[in-house]
Structure formats: C-alpha cells, structure tokens
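A structural walkthrough
Residue-level listing of the chains:
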Amino acid sequence: MTARAIELRTEYLVDPLGIGETTPRFGWWVEDERPGARQTAYRIRVASSPERFSGDAPDLWDSGQIAGDEQAQIPYAGAALGSRTRAHWDVTLWDADGVAGPSSAPATFEMGLLDRADWSATWIAAPIMEAGQTLPPAPILRRTFALAHPIRHARLSITALGLYEAHLNGQRIGDDYFRPGWTDYHVRLHYQTYDVGAHLHQGANAIGVLLGDGWYSGRVAHLERGLLYGERPALLAQLEVMHDDGSVTRVVTDDGWRWSEGPIRRQDLIEGEEYDARREIDRWAEAGGDEATFAPVLTQAWPDVPLVAAPNEPVRVVRELVPIAEPRRFGAGWGRIGYLFDLGQNVAGIVRLAVRGPRGATLRIRYGEMLAADGTLYTANLRSARATDAYTLRGDAAGETWSPRFTFHGFRYAEISYHERWDGELAPFDRTTVTGLALMSDTAETGTFECSDPLVNQLQSNIAWGQRGNFLEIPTDCPQRDERLGWTGDAQVFVATAAFNFDVAAFFTKWIQDCDDAQGPDGRLPEVVPRLLGQQDGGPGWSDARVVCPWAIYGAYGDERILARHYPAMRQWLEWQAGSARDGIRPWEGCDYWPGFSDWLALDNGWQSTIGATPRDLLGTASFAHSADLLRRIATLLGHDADAARFAAFRETAVAAFNREYVTAGGRLAVQTQTAYLMALAWDLLPEPLRQPAFDRLLGLFAERDWHLSTGFLGTPLICATLTRFGRADLAYRIFLQRDYPGWLFPVQNGATTMWERWNSWTPDAGFGDVNMNSFNHYAYGAIGRWMYDTVAGLALDPARPGYRHVLIAPQPGGGLTHARATIRSIRGPIASGWTIDGATLRVEVSLPPNVTATVTLPDGTTRELAAGHHVVESAVGSRQRDKP
Ligand code: BGC
C-alpha cells in the first residue's frame, strides 16, 4: 500500500479556467487507508501539455521532492505563467515509511487574459434606457461568424456591466446565473472564461447574448435603478478559436454586432421578470436566424477599472424542490384564478413553470416566505420589492416551460394567477406545474451536524438553508426584501459557522477583496460591502468584519496569503479605529462618526427597539480591543513585530479604558446587559480576579430571564461559547434548548425552515413582527452553528495549527442529548467526531484523514493524541454534566 493524492485543487477550485492568480496555490487530499498515515514528502509537476508532463522534465515546474506534510496552500514556483497558459499538474507523495506512491490523476488550470492588451474586444450596448422605476426589456446582442478551419479548442472570455447569459449556436454556455457577479463596478469588474469548443463547428456560427440590468443598472436595495453604477447594461466578449493548423480566429464584440428586443420584457433582480413567449425570436443565437428586428449596437468606452478573472464559484441551481402538496386553488370563474404552491422550504431562487394554455394568456407569479392568517400569500415584509414575475404563453399544444434569468426571490410559497375572462382556460395546475430552483454561489457542502434532538437537527438545516439563501455572490443579510446587501456585521458573526457548512474559501477570497475595494481612503469600512452611495462606516461589530473574516478563513483553510494580501488594508482600518478613539473609548459621546448599530435587535430595550440597551461606546471599545488583538496575532504571524507591539498597545489602552469606564471594583459592569458581560468575558477584558464574579453576575442576568437570552446580533454568538469556556456548558445547553421565546428553537418550534431575523418574527400570539424589518431568511443568529460543531459534537479548529492540521476534539455532552456527530470535508480531508451516551459510558468516535492529528479531551479530563484512522475512546459520562444551575 502507498499514498496517493486525490481531490486536487488549484486556488480552491477543480480544474479552473481563466484564472488571474499568477502564483496559483495547489492543494490535495492524501489517500492512504493505513492507521497513522502521513505524507512525508511531495513532488508537484506542472507542464504545458500532457505529453511534456509524462516525461521526467515538465516544462513549467518540477518542485522536486519536498519533505513535509504540506498539502494545501502550496504556491506554484515555476516558469512565469502568461495569459492563456494551460497547465497540467500532478503530485507524487511519499508515505510515512518514505516510500513514493503512484502519481495522482492529473489536474489542470488555465490562465485567463492577464493584460488589458489581451483584449481586442470593444464594449457594446443596446440603446435601451429607462429611468427611475420603469423596468427595461433585456436586449439580445448577436453576431454571426464563419470558422474556416477545423477547431482544436475555443475559449469565450466574457463580462458585462450588468448580467449576461451567452449562447452559441442555440445552446446556452454554462449553467451559471447572474454573471459576471457583483463587485463594486466603480473599482473592479470580473470576467469569466468558458470552454466552448464543443459548441462550435467549421462553417457558419452565431453567438447571442442576453443582457440584464442586475446590480449594475437595476435596483440595489432601496435605490432606484440606474443610481448606483450605470444606466444600462453593456457587454464585452472575446471568443478565441484555436484551429488544428495553429491559426486563431477571434470573434469579439464590436460594431458589427446587432441587437434587438426579445421576449424578456422587463427584468430586475428585486422587482422580478416579465417574459412574453410570443416575442421569442426564432433561432436568435443561430446562424441563419431571423435578423429582421436587429439593429446595429452602440459601442462605448472601456470603463476605467481593472478587468479581473473572477476567483469565486458561480451562482448555480443547487437544489430543485417539488411542492410538498397539490397547489391550493382560489378564485372562481370570470375572475382571477390562482394557485398557491408550497415548496416546504424557504429558499432564495426562482421557479420553473410547466404550463399549457392559450397563446397570450399571462400568468402572474408572486412570492412569499409566509402565509397570512387567512391562508393567502404574505408579502408585507418584502417592503418595496415587487418580487413578481409574469409569463405570457406561446400557446404550444404540447405545453411550455419557463424560468426567469435575471431575477431571484426569497420564498417558500409561489402564487400563480391568471384572469379567466381575459386569459382563457389553462390546463389545471398540479404539483408538477412548479419546481423551485434554489440559487446559491456554488460552494461545496462540507459540513454535517446531527444529534438526538430533532428540533436541533431542524435548526442545523435552517442554518444551512440560511447560508444557501444568502451566499449569493456576496454574503447578504436576506434574499427577499428590498435589501439583499453585504452587511458586514452579519457576515462577521456568521463566517466561522459558514466555513463548517460549506467550502467558503473562494467565496470569501472574493468578498474580502470587495472589502478592500469598499474601504474608504481613511480606512473606514462601510456597513455594506460592496458599498452603496457615499462614504460610510459600519461602526462597531460591523466594520470588524475587516479583520474577523480574513482571520476565520485563515483558521479554517490555513490561508496565510489572505492575511498577507489584505494586511495593509486591515492595518489602515485599525489605525483609523485607534485614531478615532478618545481616551481609549470609541465611539465617544458626540463623536463625528457613525457610532454603530449597537447590539442590533437585542431585546433588552424593549422589543420594538432595534437598538439594544448595551451602549455603543461599550460595544465599540470592547470590539476594538478584540479586533486589535486579532490583528496583533496576524501581524505576529506575518512577521510584522513592530506592528504587533503597536496593536498590543492599542488593545491595552482599550482594555484600560473599558475597565475605567464600565467596571466597578467588585467586578460588576456599569451596564447590566448580557451582551456587556459576554464581551468582557469572551475577550478577556477584565483582570483575572474579576472574571469569576463577573461571570456569576452574567449567570444572574440569565437567571433573571429564566435562562433566556436578551442579546442581539453581537451578543448572541458569544453566549454558548462563553458559558462553555467558564465551565458551564450545562447552562449553555439550557439556554440553547429553550423551546419558548426567545431562543433558537422557538422559530423551529413554529415551523421555521430558515433562520429568522428576529426571535419573534412570527409568534402564535402576536402574529407577524414589525414589517419594516422582518426577514424569514437572515442567517445572523445561525452563528450558533459553530458552537454546535465545536462544542456539542466536539469538532473544533486548533487556532495554533489552522486549516485542520490539528483538531481539538472535546465534546461536551449535555442538555439530555444522547448522541451528536459532526463531519467536515476539510481542506485536509474528511474528519468526523461524534459521541453516544450508553448508560454511564460516553463513547467518542473520531475519524481523521492522513496528515491530520487530534487531541481528544474527554469529560473526565483525560486526553489522548490521535493520528489518521478511526478511533473509539470511552470514558465515564463525567462530572461536567449538570442539569440544573
Ligand atoms: C439588515 C441587518 C443589518 C442591519 C444593520 C438591517 O437592515 O438586514 O441584517 O446588519 O440592517 O443594523
């Protein structure tokens, strides 16, 4: 038996095409079933063709035999990689005995167009311009072209200001949505590369592209269309066809393209899409198609921003959902007839319709996350988002199917209606009429969590669906209302949980760059990234995403480059924080910058208030101390020792100010909120002798509320981890498992299938919460997921050895659970940790892949060191388990 590399990745992706990293990093899993398996050396070979590679002298890079167990984040160190370079690579591993195994199956990566000079395309657009609230049709841009020689391979490099969907010879290219994605188009634009050789042939060909407004010229949050970036979409495309004889044909966007309106009559991400199938243009993306309605395009200047290869996964359909029951029909003859479909799951995405009816009949499709008390669709919480699609039938006798392209909605229920008098009679709708298509940045699912309490399992499902519904190009707050923004606070509390559930390395590689792009010249990070209009500052707990997110990605994936690359921006951000403090306190009373969103939605100021009772200066000072500490660690790691000392001093100043302003000599805080105590304890802001008294007081605050939380976005993620750390996991369980309001399981108990924005977004007594701020798909409170993985199941990262090089397995059984188990497909391979209670015995099962070690700490305090393999260890259930405080 030997060791072999599998699951090869370049820049976190499988065989990526058109990348922009000129020093791409490699990673793999080690396949070696033997207990204790370890890689002792590796050799990477990179060649520009499979032939060059099979010999012993690959032309791009041969790392030679390198001792060690590195298997991730290994930078390419060969010949310079130019635009379009296609590289084939493999790995050979040496096992624990120093024996070399067979080389891996080869992987590939290909460089994109690295320089502006590589592009000979011109920006083109259709002269469709609508102002304000009016939604424009989606133009079709098209070009026919001839290929004189047989084709070896072909690449399409393409982007838009707006959204594009490309077709070649009648076939859609790729299965992505909303490309090129959302960056701050004033600062950076992404493009994509597709392998399109199979779509082309010698002779006459055609390319057709649909253009949507998307974030570029459509509505963004409450802003009307055209306000944020530009007024209409534009396209840039470059098709490069390599022929067998070595010649190249380039087909680029230029003034030879033609445009027409088509069947998409209106479109907007937030408002919805209207499609008139009677206006479809026959063979619109095929040579010989009808060009009668097409007119010459406009050309326009290059936007003055870098054009960069997208580093993240595209948005794709990640789940298809069939309605859980036959639709409910409402309305009667000669009026509006409607059907209400229930997908059984709140999602972000679109529907696919399969209908049959008269030509010209128009279906209106509305979406909602909940039903009103009378059983009708509830849409009040969408605020100004119209979230309505329309489909006008062609009238095919065999039926027709449709789904929108340039919109998405947050919904569990879809209501389809038509007017019987005007539209005529349609074939009756049933469960097959609607399929829900959940859209998400196609990040791989990596984590599972399961335990003996079905409500907790549903909570885990809700957290994962919260992530599915909101990790769409950027981490958004919610997918349904007129918001859908990259709220920094929400992202920073959730990032660690996110990295358990899905592989978010490439996703955050992209968004952390967005943070750089959004940062003001003075170092402030706005509350949403990409930024909206004006110079903004997120304030405490929001702008801290600046350091918390890169640190979390480093922890989960061992990505040191993300720290190094964004270090200057992080430092600038921290310096701004320090400079804006007074006597160590920030924000201070009357300061001239945004004091923050407080402990957003905390209940301790009365539930009508969105601002919690914990004062912003306390939250800000505590957060600053914490972020200064994180950046100190980052600076140390990167070897910036002088900075590290400076940041340590920042922290000391903040800690001193915190103690001076908010702490009594007896260890009480001047502010009696759970969040104030949680921050003081979680981030070690108190002198040692005051910690236990403060912790006891925190317990008192929980006891006063009969072991319920009163915290908001910032305090909530700290509760269970802090109680556990101070030895009271039993009380963490007690609060965690409350079935009644407020707590994690209250929404679950009330039928939630995603995380709600508020603990009382809906209650049996009061019905719906405040419609102004009432999302049913808001992952922030899902930040508890991390504790479920690392403490309940006991699968924890070791901050000292990030990227799962070493894991800390210290399950804390409690809450009456009889078993719990978590798995993660980590960057170093699959890891599992689980336990079962059998009478007085706790049985802990751990599996580790090669190269990963673990320290297991059992409830009785004993520890074991484990290496690769499957392990079962047993102990007495342990004294740490207590049922009552
Ligand atoms: C968003 C939140 C966000 C908050 C800032 C809300 O509108 O939905 O999730 O963090 O504003 O306080």
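Quick caveat, the model's predicted, so the values are computed rather than measured.

1. Considerations on the sheet that holds strand β41 (residues 819-826)
- Spatial ordering of the open sheet is given by β34-β41-β42-β43-β46, a layout of 5 strands whose pairing is antiparallel. Edge positions in the sheet fall to β34 (447-451) and β46 (869-876), since each of these pairs with one other strand and no more. Within this sheet the neighbouring strands show an average axis-to-axis angle of 10°, counted without direction.
- As defined by bridge partners, β34 adjoins β41 across 5 bridges and the pair is classed as antiparallel.

2. A word on the site of the ligand
- Lining the immediate environment of the ligand, one finds Asp477, Arg481, Glu483, Trp487, Asp490, Trp542, Phe597, Trp600, Phe713, Glu757, Met773 and His778.
- Asp477 is positioned with one of its side-chain polar atoms (N or O) 2.6 Å from an oxygen atom of the ligand.
- The contact in question runs from an oxygen atom of the ligand to an N or O atom on the side chain of His778, over 2.8 Å.
- Expressed as a share of its isolated accessible area of 310 Å², the protein-covered part of the ligand is 97%.
- In terms of residue class, the shell around the ligand is made up of 6 nonpolar, 1 polar and 5 charged.

3. Side note on the pattern of salt bridges
- By the definition in use, this model includes 72 salt bridges.
- Two residues, Arg179 and Asp176, come together in a salt bridge whose shortest N-O distance is 3.5 Å.
- With its nearest N and O atoms 2.8 Å apart, the salt bridge here joins Arg412 to Asp342. With Arg412 in strand β32 (residues 409-419) and Asp342 in strand β26 (residues 336-355), this pair connects stretches of sequence that are 70 residues apart. Each member of the pair, Arg412 together with Asp342, is buried.

4. Some details on the side chain of Ser441
- As for its position among the elements, Ser441 is in strand β33 (residues 434-441).
- Those residues in contact with Ser441, other than ones at most four positions away along the chain, are Glu313, Pro314, Val315, Phe471, Leu472, Glu473 and Phe507.

5. A closer look at the packing of helix α9 (residues 616-637) against helix α10 (residues 641-662)
- Close contact between α9 and α10 brings their axes to 8 Å; oriented N to C, the two are set at 160°. Taken together, the axes of α9 and α10 are roughly antiparallel relative to one another. Here the hand of the crossing between α9 and α10 comes out left-handed. Between α9, through Asp617, Leu618, Thr621, Ala622, Phe624, Ala625, Ala628, Asp629, Leu631, Arg632, Ala635 and Thr636, and α10, the contact on the second element is made entirely by Asp641, Asp643, Ala644, Phe647, Ala648, Phe650, Arg651, Ala654, Val655, Phe658 and Tyr662.
- Residue classes in the contact of α9 with α10 are distributed as 15 nonpolar, 2 polar and 6 charged.

6. Some thoughts on the packing of aromatic side chains
- This structure, assessed with the given rule, holds 55 aromatic pairs.
- With 4.5 Å between their ring centres and 45° between their planes, Tyr339 and Phe429 make a pair best called tilted. One end of the pair, Tyr339, is in strand β26; the other, Phe429, is in the loop between α3 (420-423) and β33, and 90 residues separate them in sequence. For the residue pair Tyr339 and Phe429, the accessibility class agrees, reading buried in each case.

The rules behind each value
- Residues numbered from 1 in each chain as written.
- Predicted model: local features only at pLDDT ≥ 70, side-chain atom pairs only at ≥ 80, totals over all residues.
- Heavy atoms only, no water.
- Pairing = 2+ DSSP bridges.
- Helix = DSSP H or I, 4+ residues; strand = E, 2+ residues; numbered from the N terminus.
- Axes fitted to C-alpha atoms, helices over the stretch in contact; angles between N-to-C directions.
- Near = heavy atom within 4 Å.
- Polar contact = N/O pair within 3.5 Å; in protein donor to acceptor, adjacent residues only side chain to side chain.
- Areas by Shrake-Rupley, 256 points an atom, 1.4 Å probe, with all protein chains shown as cover.
- Nonpolar A, V, L, I, M, F, W, Y, C, P; charged D, E, K, R; others polar.
- Salt bridge = Lys/Arg side-chain N within 4 Å of Asp/Glu carboxyl O.
- Buried < 20%, exposed > 50% of the residue type's maximum accessible area, 1.4 Å probe, protein only.
- Contact = heavy atoms within 4.5 Å.
- Parallel < 35°, antiparallel > 145°, perpendicular 65-115°, else oblique.
- Left-handed = near helix turned anticlockwise from the far one by under 90°.
- Phe/Tyr/Trp six-rings, centres within 6.5 Å; stacked < 30°, edge-to-face > 60°.

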